[in-house]
Structures are given as structure tokens and as C-alpha cells.
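One-letter residues, chain by chain:
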Amino acid sequence: MKEKSKGSGRLLWVGIALLIFLLAILTAKKIVESKLPGSLQSAIRDQSGGLYQIRFGEVKLDLWKGAFIAESVHLVPDTANRKKLKEQGLTTLFEVKAKRIAIGGFQLLKFFWRDELHVSNIVINQPAVIQYTFASVRKKKDKGLRQELQEIKNQIAIKEITLSEIQYRIVDMQTKKSAWLKNINFHASEIQFGQKAKRQDATNVNWIGSFHFYGNNVVYLSGDELYRLRMAHLDISSERNKLLIDSFSIVPNYTEEQWSKTLLYKKDRYAMVFPRIEAFRMGFAEWLNKGYLQADSLIIDRATIQVYADKGMREKTTQASDNFPSLAFQRLGVPLTIKEIFIRNTDVYYKERNPKSGRAGLVFFKQLNARLQHVSNDSLQLQHDPWVKGHFSTFFLGKPKLTLDLDFNVLDTTGAFRYKGTLEGAPANFYNQLLEPVTLARAEDGYVRSVRFSITANRYGAKVETEMLYNDLKVAMLDASSGELQKKGFLSLFVNWLAIKADNPSKKGELPRIAHLYYKHPPEKTFFNLMWKALYTGLKVNLGLPEI
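All figures in this text were calculated on a predicted structure; none of them were measured in a lab.

Procedures and definitions
Residues numbered from 1 in each chain as written. Predicted model: local features only at pLDDT ≥ 70, side-chain atom pairs only at ≥ 80, totals over all residues. Heavy atoms only, no water. Helix = DSSP H or I, 4+ residues; strand = E, 2+ residues; numbered from the N terminus. Buried < 20%, exposed > 50% of the residue type's maximum accessible area, 1.4 Å probe, protein only. Contact = heavy atoms within 4.5 Å. Areas by Shrake-Rupley, 256 points an atom, 1.4 Å probe, with all protein chains shown as cover. Phe/Tyr/Trp six-rings, centres within 6.5 Å; stacked < 30°, edge-to-face > 60°. Core = buried A, V, L, I, M, F, W, Y, C linked by side-chain atoms within 4.5 Å. Salt bridge = Lys/Arg side-chain N within 4 Å of Asp/Glu carboxyl O. Pairing = 2+ DSSP bridges. Polar contact = N/O pair within 3.5 Å; in protein donor to acceptor, adjacent residues only side chain to side chain. pLDDT = per-residue confidence, 0-100.

Here the focus is the overall build of the chain. From N to C terminus, the chain includes 11 helices and 24 strands. Evaluated residue by residue, the chain yields a buried proportion of 43% over its 548 residues. Taking the contacts inside the chain whose residues are at least 6 apart along the sequence as the reference set, 64% of them involve residues at least 24 apart. About 30500 Å² of surface is accessible on the chain, with carbon and sulfur atoms providing 56% of the total.

Laid out in C-alpha cells, this is it:
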């Protein structure tokens, strides 16, 4: 009986101990659940200097698994605090909403005793991110993301993080216009940052091990609301060091006719389809840890590019030459170097409406193939040779072969570039599809044997050399006043008798007429306008007719 009593007493004490332990666990759980949101809120408020607050709905905690679940999470920026923005030199704030954030492997002891955040995984479902941009004067240079993350006081270490079905929006606080992106997913592993984060080399901080951006039916609406971009499939992987985009299209929201009537100022309209874009051996590790991005090759295959311009639209006073390719490339926020870019079997169409004729001339290039070498805006990479070099071959207007070398000086502040090429022969009247609407002229007879050109240019103008060899050329001048293109008989006779030379060279044994001139480029005109006008001006001299 005594032994039985002793056994019962032991069981009683064990039961009491277990009950006390369970009560302690439940009490600790309640305390942590009540303290944790406040600790996170204080940390975010203090670390951001009062620019951010975070709010939670229901918070659940599992001490055994170290699991933390927060419902209806909302990171709220103080967009009205312009004074604080200027003090910190910031031009961007972010607002984040998520239906649920689930954290696993949460090490509570390190969080409360060391103010360090160590977790195994984070899953964020359907996050909506809004980026607010401000046109404020910067008092100091904005810090890079890597620098800001490393300046966080305490260590943050996350083994894995997943964001599914991301919606991203950019709001211009000055114009109130917005751009948005949706259907993106993101996964990353081995993330660590903060001043206490372990680092092998203080100058080379590996703050993320790998990442993966991916999505199907990705949609982007531009901030000016003129274009909608779609990608059937997007895959960017740092582990494979590869970028893949399937069925990428840029679709204008207005037709050509609507474009001219809707926009206040002249702007080229673009419509593009890229069935497949691939980039190989991309140096994502260098980008993440050092801030520059490199790739071995980029391949664009079977694309279709359509550009439309209406010369009757009102010109904007801003300088379009600011957006010359090399100048725009210099302003790119990330130092980028691609060893080779290949463009294969691509068709390019440039359509320009002449208000005098009421018709549009179409210049198009079929089966364009190109190779561009050493495409870079990294000043260190460009010190030895600042030129990006490209070689192109295509069929002009679908028939005569055109070869072109086009090079850009990326370090030049005036956007210097040069291009030279040759065009094979074709009957003169073959070019009427372009001549009639654009120049109000028609080739009635003759054969163009070849065209050669060499042009050196920048945003201010071009030094032009052209040579066009042809025979038996006859031209008719056209009148568009009646609404239809009609031949001007007397003026056509005048042009053929006194102006245009029927042949180049004029006589057998003579040297051909070669144009040497300087073309001054209006600053409001585009890069492609300069390329065409410089060439067109030289060809008119080859014809013996400075002005048509």
C-alpha cells in the first residue's frame, strides 16, 4: 500500500509539473504574441527614422516549431513627410500589403536577447507593392540597396523566402500617373544582411545566395498609359545564370490614327513582338554583391518591330537628342556589359506620315541579322575602347541587300556614333513606295546600281559622305493639293532638264559625284530621324538636286 501510495504521489507531481510547464508555455506564447508585434513595429519605425510603420491583423505563434503567422500585414510609408525625405536624401518610398506572412524556424531567443532575426523560411502570399516616387531635390546621393541593407544595425538571416503572385505599382507623386506589373513570383535563399552579419570580406558582402524570378502571363502597363507589355513566360535564375522570355510584346493602347489625335506632342509609336529572348552566363553574383551585371550573350530571334511617326504632330520643346542610344545607355542605373548581342531574322518597319501628301511612306528591313560586340556602359570596361560595334545585314524594302556597320561611343557626352554601308542595285521605280509619300516625287525610269555611305555623327549633326551610282533616271514631281498625288508636268520637265542628272557618273570615264557635306540636326528630332535625314541629304547631292 505504501509503495502504491508513493507511485501515485510521483504521478501527481509529474502531472503537476507538466501542467505548470504547459501553463508556462501558454503564458509565454501569449506574452510573445502580444510583445512580438510591438517589437517589430518599434524596430521598423526606429530603423526607418519614422518614415515607415507596420500594422498587423491577427498574429499566431507556435513556440514548438518557431512558427509565426501574421494576417493582413500592411507596411505604411509616411508619404506626406517631405521634410524627412529631403533630410535622408530619398526620392522613393514603398507601401506593402500582404494577406498573410508565414515565418518558419523563427529563433525567438536570438530575437529577444540579441535583437537578431533568424528564420528558416518566409512565405508571403499575394503581396501588393506600391512604389512612390518624388521629384524632390536630393541633398545627398541616394544609397544603393546593398549599402542600406548592410547599415541595418542588427543581423537578419533568412534561409528561404518566397513571394507568390506579386503585384507591383509605381506612382509618380507629381503627375499622379502610375505603372503596374502583375503575375510575378520570387524565391531567394541564404539571405543575410545587417552590421552583425557574417562576412568573409568586408568589401565583398554576399548578402544573398541565389534568387529566381518567374511568372506566366506577366503584364506591365507603362506609367504614361500608352503601352501594355506582356510576357507569356518569364524566367530569371541566378543558379542557372540565364534569362528567358517567351512571347514578349509591346502593344500601344492607341491605333496610329488615335495616336496622332490623342497625344499633345509628337512622339514615335512603337509596336513590337519578340517571340523569344535569351541571355546566357549572366553574372548575377557580381550584380548582387558588387553592383554590376555581365552576360556572355543575348539572343533575339524572329522579332517584329514597327515604328510610326506623324510629321504633322506638334513638336515638343524638349530635346529628343537627349535619348540617343548611347546617352540613354549611359544613364542606365546599373553598370552593364554584354559581350555579344545577336539579332536574327527580324523585320523592322518605319512608317512616317507626310501631312503634305496625306500619305505615309514605309521603310522596312526584312530578315535583319545583326551582331553587336562589347555592349557596355561600365566606364571601367570602356577605358580601353569606348566603342560598341555592330554589324547588320538585311534586305531594304524586302529586295536589295543592305549591309551596315553601326558603332556608338558610349563615353562621349555628345552621343557620338558612326555608320557606313552599301546597298545593292534595283530599278529606280522600285523605290516609289517610299519616294512618293515622303518626297512628293516619282521615279519613272532608270536603274540604281549601288549606294555607298559613310557618316560620322553626334546629337548636333553629321558629317556625310554618300555615293549613288545610277543610269537613265527620270523623275516626275507630284502635287497633293487635290487629295491625290498627281504629276506636275512643267515642274517635272524642269527637274529632268535642268536639275537632276540622268546618270552618275554623267559620262563614261568621268568620276562619279560624291556628296561631302555637314547636316545640322534639330535637337527635337530623334536618333532615327538623324540617320535618315543625313543620308537623304547626301543622296540629293548625288542626284544633282540639293532640294526636291
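After that view, the rundown keeps rolling.
Look at the link from Asn504 to Pro505: it is a cis peptide, with omega at 5 degrees. Relative to the helices and strands, Pro505 resides in the loop between α10 (489-499) and β24 (514-520). One non-glycine residue, Gln367, adopts positive backbone phi at about 50 degrees. Its location among the elements puts Gln367 in strand β16 (residues 359-376). Owing to a relative accessible area of 46%, Gln367 belongs among the partly exposed residues under this scheme.

Under the defined criterion, the tally for this structure stands at 20 aromatic pairs. Relative to Trp259, the ring of Tyr227 has its centre 5.7 Å away and its plane inclined at 55 degrees; by these criteria the two rings are tilted. Of this pair, Tyr227 sits in strand β10 (residues 227-237) while Trp259 sits in helix α5 (residues 256-262), and the two are 32 residues apart along the sequence. We note that Tyr227, like Trp259, is buried. Judged by centre distance (5.4 Å) and plane angle (75 degrees), the rings of Phe324 and Phe527 are edge-to-face. Here Phe324, found in the loop between β14 (304-310) and α7 (325-330), pairs with Phe527, found in helix α11 (residues 527-542); they are 203 residues apart in sequence, far enough to count as distant.

Quick look at the nonpolar core now. Counting 123 residues, the largest nonpolar core has Phe417 and Tyr419 as its most contacted members. At 7 residues, the largest contribution of residues to this core is made by strand β21 (residues 441-458).

Summed over the entire model, instances satisfying the criterion amount to 17 salt bridges. The shortest N-O distance in the salt bridge between Asp246 and Arg276 comes to 2.8 Å. Linking Asp246 in strand β11 (residues 242-252) with Arg276 in strand β12 (residues 269-280), this pair joins segments that are 30 residues apart in sequence. Accessibility expressed as a relative area gives 30% for Arg276, which makes it partly exposed. Between Asp296 and Lys339 there is a salt bridge; the shortest N-O distance is 3.5 Å.

So, about the pairing of strand β8 (residues 178-193). Summarising the sheet, strand β7 (residues 156-172) and β8 pair through 13 bridges and their orientation is antiparallel. Note on β8: the bridge partner recorded for Thr162 is His187. Sheet analysis places β8 next to strand β9 (residues 208-221), joined by 9 bridges and oriented antiparallel. By the bridge assignment, Lys182 is partnered in β9 with Val219.

So, about the side chain of Asp310. By secondary structure assignment, the location of Asp310 is in strand β14. Residue class for Asp310 comes out buried when judged on its relative accessible area of 6%. Looking at Asp310, its side chain comes within polar contact range of the side chain of Ser260, at 2.8 Å. Separated by 2.9 Å, the side chain of Asp310 and the backbone nitrogen of Gly312 make a polar contact. Every residue in contact with Asp310, bar those within four places of it in the chain, is listed here: Ser260, Lys266 and Arg353.

Both β12 and strand β13 (residues 293-301) contribute to a ladder of 5 bridges, which runs antiparallel. The partner of Arg276 across the bridge, within β13, is Asp301. Pairing geometry for β13 and strand β15 (residues 336-354), over 8 bridges, is parallel. Looking across to β15, one finds that Ile299 is bridged to Phe342.

Within the element layout of this structure, Tyr350 appears in strand β15. For Tyr350, a relative accessible area of 18% translates into the label buried. Those residues in contact with Tyr350 that sit more than four places away from it in its chain are Val307, Ala309, Gly361, Leu362 and Val363. Polar side-chain contacts of Tyr350 include one of 2.8 Å to the side chain of Glu352.

Now for the confidence of the model for the chain. Confidence in the prediction for the chain averages 79 pLDDT; 77% of positions are at 70 or higher. Across residues 489-495, confidence stays below pLDDT 50; counting only partners more than four residues off in sequence or on other chains, it has 9 contacts.

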